[in-house]
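Commentary on secondary and tertiary structure
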Amino acid sequence: MSDDSPFLSALRRLDAVAEVVDIPEETFLRLRHPKAVLTVSVPLRRDDGSLEIFTAHRVHHNDLRGPGKGGLRYHPDVTLDECKALAFWMTCKCAVMDLPYGGAKGGIAVDPKSLSLLELERLSRGLIRRIAEFIGPQLDIPAPDVYTNERIMGWMMDEYAHVVRRHEPAVITGKPLALGGSHGRSDATARGGYVCIAKLAEERGWKPAETTVAIQGFGNAGQGIARLLDEAGYRIIAVGDSSGAIFSEDGFDVPSLIKAKNETRKLEAVYCEGSICDQVDANRISNAELLELDVDILIPAALEDVITTDNAANIKARTILELANGPVTSDADDILDEAGITVIPDILANAGGVTVSYYEWVQNRSGDYWSADEVRQRLENRMSYQFDRVMELAAEKEISLRMAAYALALKRLGESAEAVGTRDLFNGKD
Ligand code: NAD
């Protein structure tokens, strides 16, 4: 693994946490080694009759607290090492939210926008046939991530049922409602992030109309948080997607932005062909400029590693809500801390998604389905409760919210490691 390996970079945060909290040494040892990794080739018969082979990975990082849980990503840059980092974050995120899950993640190295709708379906079903023995309701439960969505989850669940020859909706979450999905899953990631902002706003006395926001990424997470903040009266002054970003000093009318972006779906209900930059008449800026805008709240909601040692010193936002996984590299943490920027870390900020995925899994397994209000209430209660635990720990130890979130996760993982026995137990010291 190279020094800039995403997995090594992710693990570096463990060293910092080990210095401030007392966690059994073996917990760290366990977290440094993913439990199992699987790499497969997925053949795809293209519409023109040709055959193409794609590489896919699935990583089980840790299952001390329960079966693996984590998304499936379709992106040309997907690598095994990136999946390991994303799976490690899932282990920590599920522990922060006190969900009975471990961490997993996977993806296919593919540009899904280059596929037809039928090719996309064949590829998704082909992936499930290849990884069917590696996933399952008690083993590893995939979900949507970058460039995968509920329609794709529906195909995958259907294919899994063909492979195992029984209906098994709890194998995958983020499904359409009509196929056993849950109310509130589609905007769960954003809603969880919104709870964090609302709690911080209450504590710090923010006035929404005077609070400016920039959002990088305008897909599931980015659009959802834009809508919720707009409804609460915040001023969204910049949004971006893979092609660039747009800026408006006065703030955007968010419903029309979302409409414009989604009007250009290339494949029915899957991808947007047009960039927000081409759809809306506004000042164009680059994604790099968006990150450095003088705003109150910056929300990275696209890919990892966008704030690094190269640009961290230029960040002017007072608060960063990490809706994306891993948007800040571990070596940039100190620069943001020293600048007094509050970072609500990914393993807390975007945990609303996995929380409602958990509710979906519970509903699938019990056969008892909940109303939208019930899902929302449960999500808000859990987010709010765990947010308070992280804030308390940060205040008590005088550490950042990121360190506190990791410390909370490691404490819970450490309790599980101790329950199965550490060196002290086997040496008769317990
Ligand atoms: P999505 O596919 O719905 O949207 C991704 C967005 O990112 C799109 O608007 C795309 O144009 C934009 N994008 C892609 N490459 C970009 C680039 N180089 N620069 C700027 N923008 C770029 O994905 P999503 O589900 O919204 O996921 C976004 C992030 O949130 C990811 O880091 C994902 O891991 C994280 N996340 C998602 C969920 C979920 O439930 N969907 C849960 C937790 C975390």
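Residues numbered from 1 in each chain as written. Predicted model: local features only at pLDDT ≥ 70, side-chain atom pairs only at ≥ 80, totals over all residues. Heavy atoms only, no water.

1. Here's the deal with the pairing of strand E4 (residues 102-108)
Regular strands have side chains that alternate between both faces of the sheet. By the criterion of burial, E4 is predominantly enclosed, with seven of the seven residues buried. Going residue by residue along E4, you find Gly102, Ala104, Gly106 and Ile108 tucked away on one face and Gly103, Lys105 and Gly107 tucked away on the opposite face as well. Sheet topology places strand E2 (residues 51-62) next to E4; six bridges connect them, and they run antiparallel. Considered in E4, the bridge of Arg58 is made with Gly106. Sheet topology places strand E3 (residues 68-74) next to E4; five bridges connect them, and they run parallel. (Buried < 20%, exposed > 50% of the residue type's maximum accessible area, 1.4 Å probe, protein only. Helix = DSSP H or I, 4+ residues; strand = E, 2+ residues; numbered from the N terminus. Pairing = 2+ DSSP bridges.)

2. Topic: the packing of helix H7 (residues 220-231) against helix H8 (residues 254-262)
Running from N to C, H7 and H8 cross one another at 160 degrees; their axes reach a closest spacing of 9 Å. Relative to H8, H7 is oriented roughly antiparallel. Here H7 and H8 pass one another in a crossing that is left-handed. For the pair H7 and H8, the contacting residues are Gln223, Ala226, Arg227 and Asp230 in the first and Val254, Pro255, Ile258, Lys261 and Asn262 in the second. Grouping the constituent residues of the contact of H7 with H8 by class yields four nonpolar, two polar and three charged. (Axes fitted to C-alpha atoms, helices over the stretch in contact; angles between N-to-C directions. Parallel < 35°, antiparallel > 145°, perpendicular 65-115°, else oblique. Left-handed = near helix turned anticlockwise from the far one by under 90°. Contact = heavy atoms within 4.5 Å. Nonpolar A, V, L, I, M, F, W, Y, C, P; charged D, E, K, R; others polar.)

3. Focus: the nonpolar core
Among the nonpolar cores identified, the biggest contains 85 residues, and Phe88, Ile215, Ile299, Leu321, Ile344 and Leu348 are the most heavily contacted of them. With ten residues, the top contributor of residues to this core is helix H15 (residues 401-420). Residues from two domains meet in this core; each of domain 1 (34-172) and domain 2 (188-349) gives at least three. Excluding residues that lie within four positions of it along the chain, Ile344 makes contacts with Cys196, Ile197, Leu200, Thr319, Ile320, Leu321, Glu322, Ala349, Phe387 and Leu401. Formed by 25 residues, the second largest nonpolar core is a distinct cluster that contains Leu44, Tyr74, Val110 and Met156. (Core = buried A, V, L, I, M, F, W, Y, C linked by side-chain atoms within 4.5 Å. Domains from an automatic or database assignment.)

4. Focus on the packing of aromatic side chains
Considering all chains together, one arrives at seven aromatic pairs under this definition. Where Phe7 meets Phe88, the ring centres are 6.5 Å apart and the plane angle is 80 degrees; that geometry is what we call edge-to-face. Of this pair, Phe7 sits in helix H1 (residues 6-20) while Phe88 sits in helix H3 (residues 80-96), placing them 81 residues apart in sequence. The exposure class assigned to Phe7 is buried, which follows from its relative accessible area of 1%. Ring geometry for Tyr101 and Trp361: centres 5.1 Å apart, planes at 65 degrees, overall edge-to-face. Highlighted residues: Tyr101 in the loop between H3 and E4 and Trp361 in helix H13 (residues 352-366), separated in sequence by 260 residues. (Phe/Tyr/Trp six-rings, centres within 6.5 Å; stacked < 30°, edge-to-face > 60°.)

5. Points about the environment of Gly126
Structurally, Gly126 can be placed in helix H4 (residues 117-131). Note on Gly126: relative accessible area 6%, which makes it buried. For the pair formed by Gly126 and Pro43, sequence separation is 83 residues and the distance between their alpha carbons is 7.1 Å.

6. What to know about the site of the ligand
Of all residues adjacent to the ligand, which total 22 residues, the nearest are Asp145, Tyr147, Thr189, Ala302 and Asn325. Between the ligand and the protein, one listed contact pairs an oxygen atom with a backbone N or O atom of Tyr147 at 2.8 Å. Take Asp241: an N or O atom from its main chain is 3.4 Å from a nitrogen atom of the ligand. Taken by itself the ligand offers 830 Å² of open surface, and the protein chains cover 88% of this. Among the residues making up the shell around the ligand, the classes are represented as nine nonpolar, nine polar and four charged. (Near = heavy atom within 4 Å. Polar contact = N/O pair within 3.5 Å; in protein donor to acceptor, adjacent residues only side chain to side chain. Areas by Shrake-Rupley, 256 points an atom, 1.4 Å probe, with all protein chains shown as cover.)

7. Quick look at the domain arrangement of the chain
In terms of domain boundaries, the chain breaks down into domain 1 (34-172) and domain 2 (188-349). Listed per partner, the contact involves 24 residues of domain 1 and 16 residues of domain 2. Between domain 1 and domain 2, the buried area comes to about 1600 Å², and carbon and sulfur atoms account for 56% of it. Between the two partners, domain 1 and domain 2, sit one salt bridge. Between Arg73 and Glu304 there is a salt bridge whose closest N-O contact spans 2.9 Å. One can count two residue pairs in polar contact (both at pLDDT 80 or more) joining domain 1 with domain 2. Secondary structure elements with two or more residues in the side of domain 1 that touches domain 2: E3, H3, H4 and helix H5 (150-164). Here the side of domain 1 that touches domain 2 is composed, by residue class, of 13 nonpolar, four polar and seven charged. (Buried area = accessible area lost by both parts, 1.4 Å probe. Salt bridge = Lys/Arg side-chain N within 4 Å of Asp/Glu carboxyl O.)

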